[in-house]
Structure formats: C-alpha cells, structure tokens
Amino acid sequence: MRGVVISASLALVLSAAPVFAQAAPARPAAQPAARPAAPAPAQAAPATPPPAPVPFPAGAKIAYVNLQQIANLSAEGKSLTAKVQALMTKKQTDAATKSKQLADAQQKLQQSGALMSDAARDALTKDIERMNVEGQRFQQDAQTEINELSQQLQNEFQQKLFPILDSLVKERELHLLLSAADAGIVAGNPGIDLTLEAVRKLDERTLAGGKPAAAPAPATPAAK
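In this text, all values refer to a predicted model and were calculated from it rather than measured experimentally. (Residues numbered from 1 in each chain as written. Predicted model: local features only at pLDDT ≥ 70, side-chain atom pairs only at ≥ 80, totals over all residues. Heavy atoms only, no water.)

Here the focus is the nonpolar core. Membership of the largest hydrophobic core comes to 27 residues, with the highest contact counts inside it found for Ile-70, Leu-165 and Leu-194. Only strand S1 (62–65), helix H1 (67–73), helix H2 (75–112), helix H3 (118–172) and helix H5 (195–207) provide two or more residues apiece to this core. It is H3 that contributes the most residues to this core, seven residues altogether. Contacts of Leu-194, omitting those with residues within four sequence positions, involve Phe-56, Ala-63, Tyr-64, Val-65, Leu-168, Arg-172, Leu-174 and Leu-177. In this structure, Leu-102, Met-116, Leu-124 and Ile-128 belong to the second largest nonpolar core, which totals six residues. (Core = buried A, V, L, I, M, F, W, Y, C linked by side-chain atoms within 4.5 Å. Buried < 20%, exposed > 50% of the residue type's maximum accessible area, 1.4 Å probe, protein only. Helix = DSSP H or I, 4+ residues; strand = E, 2+ residues; numbered from the N terminus. Contact = heavy atoms within 4.5 Å.)

All chains considered together, the criterion is met by 12 salt bridges. In this structure, the salt-bridge partner of Lys-61 is Glu-173, at a minimum N-O distance of 3.9 Å. Placement of the pair is Lys-61 in the segment before S1 and Glu-173 in the loop between H3 and strand S2 (176–179), with a sequence separation of 112 residues. Arg-130 serves as the salt-bridge partner of Asp-127, at 3.7 Å between the closest nitrogen and oxygen. (Salt bridge = Lys/Arg side-chain N within 4 Å of Asp/Glu carboxyl O.)

Right, let's talk about the packing of aromatic side chains for a bit. The final tally for this structure, using the stated rule, is zero aromatic pairs. Its guanidinium or amino end placed over the ring of Phe-138, Lys-98 lies 5.4 Å from that ring's centre, counting from NZ or CZ. Taking NZ or CZ as reference, Arg-172 lies 4.7 Å from the ring centre of Phe-56, over its face. (Phe/Tyr/Trp six-rings, centres within 6.5 Å; stacked < 30°, edge-to-face > 60°. Lys NZ or Arg CZ within 6 Å of the ring centre and 35° of its normal.)

Glancing now at the environment of Tyr-64. Along the chain, Tyr-64 falls in strand S1. For Tyr-64, a relative accessible area of 13% translates into the label buried. Sequence separation of Tyr-64 and Leu-176 is 112 residues, and the distance between their C-alpha atoms is 8.2 Å. Beyond its immediate sequence surroundings of up to four residues, Tyr-64 is in contact with Leu-177, Leu-178, Ala-180, Ile-185, Asn-189, Ile-192, Asp-193, Leu-194 and Thr-195.

In this structure, the largest pocket occupies an estimated 360 Å³ of space. Lining the largest pocket are 14 residues, and of these Pro-53, Val-54, Pro-190, Asp-193 and Leu-196 lie nearest its centre. Per-element accounting of the lining of the largest pocket gives the leading share, three residues, to H5. (1 Å grid on protein atoms, 1.4 Å probe; cavity = no way out; pocket = protein on both sides within 12 Å on 5 of 7 lines; lining within 4 Å. Points joined across faces, edges and corners; volume = space filled by probe spheres on them.)

So, about H5. For H5, with 13 residues, the first-to-last C-alpha span of 18 Å sits near the 18 Å given by 1.5 Å per residue. Buried residues along H5 sit against S1, H1, H2 and H3. Gly-209 sits one or two residues past H5 and shows a positive phi near 85°. (Expected span 1.5 Å × (residues − 1).)

On average, residues of the chain score 79 in pLDDT, and 70% of them reach the 70 mark or higher. Predicted confidence for residues 6–38 stays below pLDDT 50, and this span has 46 contacts to residues more than four positions away or in other chains. Across residues 212–224, where pLDDT falls below 50, the model places one contact with residues more than four positions away in sequence or in other chains. (pLDDT = per-residue confidence, 0-100.)

For Glu-173, which is not glycine, the phi dihedral falls at a positive 55°. The exposed category is assigned to Glu-173, whose relative accessible area is 56%.

The residue Gln-85 is located in helix H2 in this model. Classification of Gln-85 by relative accessible area gives partly exposed; the value is 37%. Measuring from C-alpha to C-alpha, the distance between Gln-85 and Ile-146 comes to 9.0 Å, with 61 residues separating the pair along the chain.

Attention shifts here to the side chain of Thr-195. For Thr-195, the location among the structural elements is in helix H5. Residue Thr-195 is classed as buried on the basis of its relative accessible area of 1%. At 2.6 Å, the side chain of Thr-195 and the side chain of Asp-193 are in polar contact. Filtering out sequence-adjacent residues up to four positions away, Thr-195 remains in contact with Tyr-64, Val-65, Asn-66, Gln-69 and Ile-70. (Polar contact = N/O pair within 3.5 Å; in protein donor to acceptor, adjacent residues only side chain to side chain.)

Shown next as structure tokens:
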C-alpha cells in the first residue's frame, strides 16, 4: 500500500529575501452603508438525518479502505499531523525573524551607507552576504527536518494502522483488502468500504493506550 501522507502539505515556504515595497498610504475608512431591513426569519427546515450506513454485503471477499481518509479522520492521524504542522510553524517563525534581520541590514546600507566609513560599510556588506547564505541554508535544513519528521511519523502511523487492517481481513474473512487510491477504484458497492470501521478501530486502540482490544472469550457450551 502506498504510504499515508500524515501532513496536509510538506511544502514549507521560507522566504529569506526581504520585501522593500513601500507601504501603500492608508485609505480613509469608508462610511458604513445603511443596512437594509432584515427580512423575516424563514422557518428552519427540519434537519435531514444522516444516511444509514450501508451494511457489508454478505459473502463479500473483497473490500477497500481510503488510507488518506483514515489519516485525516482518526485521532492518531490528527495528532501526528499536528506535530508536523507545529514544526512547520516554528520554522516559518524563525525564517521570518531571519528575513527581518536581513531586511533591516539592507535598509541600513541603502539609507546610511554613504555616511559610513569604508570599514563600517564593508563590515555591514559582509554581514548581509553572510545572512543571505545562512538564510538559504536554513531553508534547506528546515525542509529536510520537516521531511524527516513527516517520514518518521508516517512510519509510526502505518505500524499502528496495518495491524488494524489485518484484523479487518480476518474478521470479515476477506480474500483481499485494497487501498482505494492505489487500486484506482471508480465505482463499487459502498458497503465494502471499510474506511470508517478502520478509523473506529484505530481510535479505540488509541484510547486504550495503543493496546489492541482484547478478543472476546469463546462461548462456553451450555450444560445439558
């Protein structure tokens, strides 16, 4: 099965180049337009009950799951995604700080360079060159760190998910359980979609502290 994408997006935009565009002059606040009289509230339509789940077809030996939906809907998948997004946010904040420092140095050189001594101007120019190089290196290192964390968490997620999928195969006595994305399924009986059942089982395992649910005890034959 293809790897589950834990993060919604692994692309990290870390712009190290400052922006020198002049800020647009503030526009006077527009006068608020007169609000039309609110129409009489319409009577709320009765809520439509959710459709009943389609039962698993009796005797079916093939089923499928949507791995990405399991990652998006399960508590475990959401937790791992949050870790990747937290790292992305930190790197973006650090990149913005470095970009601001570079912009300030370049602005200082532009505005005051002519008034500086040659030594001071050369030192500031070298600082700007150093910050440019460090900014580019930071961007590359940050993307690598995010990719490595995402791959690590993806492996952890699959190690927890695949035993769940194996249990579905055994419980349903399936011959084959497919990944919807990899199999290219375009139509089929919705009853053989076990995605939500996999999410439920994975959430139950997460709530239980990562331990698989205990198998039910075999029934004891009634005494004659």
